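The residues making up each chain are set out below.
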Amino acid sequence: MLTFRRALVAAAFFLTIFYLISSSSSNPPSTTTPAVPKTDADVETAKHASTTAVTDKSSSGANAAQQNPQGQRPIQDMSRMTLYEKLAYQFPYDVESKFPAYIWQTWKWTPAHGEFNFRDQEATWTQQHPGFIHEVITDKVAVHLIRLLYASVPEVVEAYNALPLPVLKADFFRYLILLARGGIYSDIDTYAIRSAVEWIPDSVPKDAIGLVIGIEADPDRPDWKEWYSRRIQFCQWTIQSKPGHPVLREVVSRITNVTLAMKRNGTLRGVVDKNVIEFTGPALWTDVIFEYFNDQRYFDMTHSAGSIDWKNFTGMEASKRVGDVVVLPITSFSPGVGQMGAKEYDDPMAFVKHDFEGTWKPESERHIGENK
């Protein structure tokens, strides 16, 4: 029997349900969806001045990540991705972000250790970059750091561990840390002459640049092949990058794939020092950069007079911008070498001094002044 009290309770119950239903349908959450960040830069080629909005179309995983601008990327089936796509998904590239305030260096010991013998060089990086996080990573720490950063891409960890020479791991580490975290990598035997704040010209917006590189060699001589691997060779003892840059993504992917293939066929142990430049060193680095400059996934080449190659950079004395990359002249990272047009340490374009101590070599083979 429906009493007055029960009728009141029932009425209150239905009124509450009606209120909840009507409020949820008429008052959606008040949130503003931010614009989806661009995956890659608005780029311009060295051949023409027009800029074209370029989207990284190379990875389904990276494109899927753009669909959710709230920072929570949808879960993807990475088993169906190529290694390149996995890296794009795990380390997305946003050219409009800031350059991370990190300085990464590697050596056998940290500055806290009594046997650390690069104190003067290491100190210049801290002095020129107050407020930056400056880390000197030892070999033991590097192993754990790579394992942490690339836990979701185990083939990269396997390749790093499989590399048979310390120099190979040293090369690989710089690409890996910059791909995952960005910032500046510089060899431990380098001096910071000027702050990285000065590396990009004031006329170039920093939110349009994701990679800063320098020329290592510009050998304008007939026998250049006897001394260098490439007619224009970009140095990789000092690099500045934003996380996820496609050049780093390609380098990491290529080294990983080649290393694991050699491991499977039993040829990895045959790699010797003379193979390093092509395997992980400046030859590979230079090749990938030139490939990037001519990659239609990132650059509109329809109005280009031809491929971008060494002729666009030989003899340059000021920085050049190619899309989202700033290329610095040989003076910037190799001042005072006395050849190939490099100027002295007091030149306004001199940013980093390299001692060329061959820190990657065993102690018995190391000679001051010897180039890599």
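Note that the structure is a prediction, hence the values are computed from the model and not measured.

Asker: Got a minute to help me understand the overall build of the chain in this structure?
Answerer: What the chain contains, in helices and strands, is eleven helices and twelve strands. Across the 372 residues of the chain, 48% fall into the buried class. Considering only residue pairs separated by 6 or more positions, the chain has 71% of its internal contacts joining residues 24 or more positions apart. Total accessible area computed for the chain in this model is approximately 18400 Å², and 55% of it derives from carbon and sulfur atoms.

Asker: Just checking my understanding: could you explain the packing of helix α6 (residues 154–162) against helix α8 (residues 246–265) for this structure?
Answerer: Each pair of packed helices gets described by two things: the angle between the helix axes and the distance between those axes. As a packed pair, α6 and α8 sit with axes 9 Å apart at the nearest point and diverge in direction by 65°. By crossing handedness, the relation of α6 to α8 is classed as left-handed. Side by side, α6 and α8 meet where Glu155, Val156, Glu158, Ala159 and Ala162 of the first sit next to Val252, Thr256, Thr259, Leu260 and Lys263 of the second. Taken together, the residues of the contact of α6 with α8 break down into five nonpolar, two polar and three charged.

Asker: What exactly am I supposed to notice about the packing of aromatic side chains here?
Answerer: To describe a pair of aromatic rings, you give the distance between the ring centres and the angle between the ring planes. Per the stated rule, a full pass over the model turns up 18 aromatic pairs. Their ring planes at 20° and their centres at 6.4 Å tell us that Trp199 and Phe351 sit as a pair that is stacked. Pair noted here: Trp199 is in the loop between β6 (190–192) and β7 (211–217) and Phe351 is in the loop between α11 (330–333) and β12 (352–354), with a separation of 152 residues, a long-range link. Residue classification places Phe351 among the buried residues on the basis of a relative accessible area of 2%. Among the aromatic side chains, those forming a connected cluster through ring pairs are Phe234, Phe290, Tyr292, Phe293, Tyr298, Phe299 and Phe313. Lys242 extends its terminal NZ or CZ atom over the ring of Phe99, reaching a point 4.9 Å from the ring centre. Between the NZ or CZ atom of Lys353 and the centre of the ring of Tyr345, over which it lies, the distance is 5.2 Å.

Asker: Would you explain the pairing of strand β9 (residues 238–241) in this entry?
Answerer: On a regular strand, each side chain points to the face opposite its neighbour's, so the side chains alternate between the two faces of the sheet. Burial of the side chains of β9 extends over both faces: Thr238 and Gln240 are buried on one face and Ile239 and Ser241 on the other. With four bridges connecting them, strand β5 (residues 183–186) and β9 associate as antiparallel partners. Across the sheet, Ser186 pairs through a bridge with Thr238, a residue of β9. Bridge analysis of β7 against β9 gives two bridges, and the strand direction is antiparallel. Note on β9: the bridge partner recorded for Val212 is Gln240.

Asker: Hey, could you run me through the nonpolar core in this one?
Answerer: Nonpolar side chains tend to gather and get buried jointly when the protein is soluble and globular. Ranked by size, the top nonpolar core spans 65 residues in total, and within it Tyr150, Phe234, Trp285, Phe293 and Phe313 carry the most contacts. Beyond its immediate sequence surroundings of up to four residues, Trp285 is in contact with Tyr175, Leu211, Ile213, Phe234, Cys235, Gln236, Ile239, Val247, Leu248 and Val251. Residues Ile184, Trp199, Val352 and Phe356 belong to the second largest nonpolar core, which totals 19 residues.

Asker: So what exactly am I meant to see when it comes to the environment of Thr138 here?
Answerer: Tracing the sequence through the fold places Thr138 in the loop between β4 (133–137) and α5 (139–149). Taking the relative accessible area as the measure of exposure, Thr138 reaches 13% and is therefore buried. It is 8.8 Å that separates the C-alpha atoms of Thr138 and Gln105, two residues lying 33 residues apart in sequence.

Asker: Would you take a moment to explain the side chain of Ser241 for this structure?
Answerer: Counting through the fold element by element, Ser241 comes out in strand β9. Given the relative accessible area of 0%, Ser241 is considered buried. Setting aside its immediate chain neighbours within four residues, Ser241 contacts Phe99, Pro100, Leu178, Gly182, Gly183, Gly210, Leu211 and Leu248.

Asker: How do you make sense of the pattern of salt bridges when you look at a structure like this?
Answerer: Oppositely charged side chains may form a pair once their charged atoms are brought near each other. All chains considered together, the criterion is met by 16 salt bridges. In this structure, Arg221 engages Asp223 in a salt bridge whose closest nitrogen and oxygen atoms are separated by 2.7 Å. Across the pair Glu291 and Arg254 runs a salt bridge, and its minimum N-O distance is 2.7 Å. Taken together, the residues Glu291 in helix α10 (residues 282–293) and Arg254 in helix α8 connect sequence positions 37 residues apart. The exposure class assigned to Glu291 is partly exposed, which follows from its relative accessible area of 41%. Linked through salt bridges whose partners overlap, the residues forming this network are Asp171, Arg174 and Asp187.

Asker: Explain the environment of Ala342 to me, please; I cannot follow it from the model alone.
Answerer: Within the element layout of this structure, Ala342 appears in the loop between α11 and β12. Take Ala342: its relative accessible area is 12%, and that puts it in the buried class. Residues Ala342 and Glu216, 126 residues apart in the sequence, show an inter-C-alpha distance of 9.8 Å. Here Ala342 is in contact with Ile330, Thr331, Ser334 and Val337, once residues within four sequence places are set aside.

Conventions we followed
Residues numbered from 1 in each chain as written. Predicted model: local features only at pLDDT ≥ 70, side-chain atom pairs only at ≥ 80, totals over all residues. Heavy atoms only, no water. Helix = DSSP H or I, 4+ residues; strand = E, 2+ residues; numbered from the N terminus. Buried < 20%, exposed > 50% of the residue type's maximum accessible area, 1.4 Å probe, protein only. Contact = heavy atoms within 4.5 Å. Areas by Shrake-Rupley, 256 points an atom, 1.4 Å probe, with all protein chains shown as cover. Axes fitted to C-alpha atoms, helices over the stretch in contact; angles between N-to-C directions. Left-handed = near helix turned anticlockwise from the far one by under 90°. Nonpolar A, V, L, I, M, F, W, Y, C, P; charged D, E, K, R; others polar. Phe/Tyr/Trp six-rings, centres within 6.5 Å; stacked < 30°, edge-to-face > 60°. Lys NZ or Arg CZ within 6 Å of the ring centre and 35° of its normal. Pairing = 2+ DSSP bridges. Core = buried A, V, L, I, M, F, W, Y, C linked by side-chain atoms within 4.5 Å. Salt bridge = Lys/Arg side-chain N within 4 Å of Asp/Glu carboxyl O.

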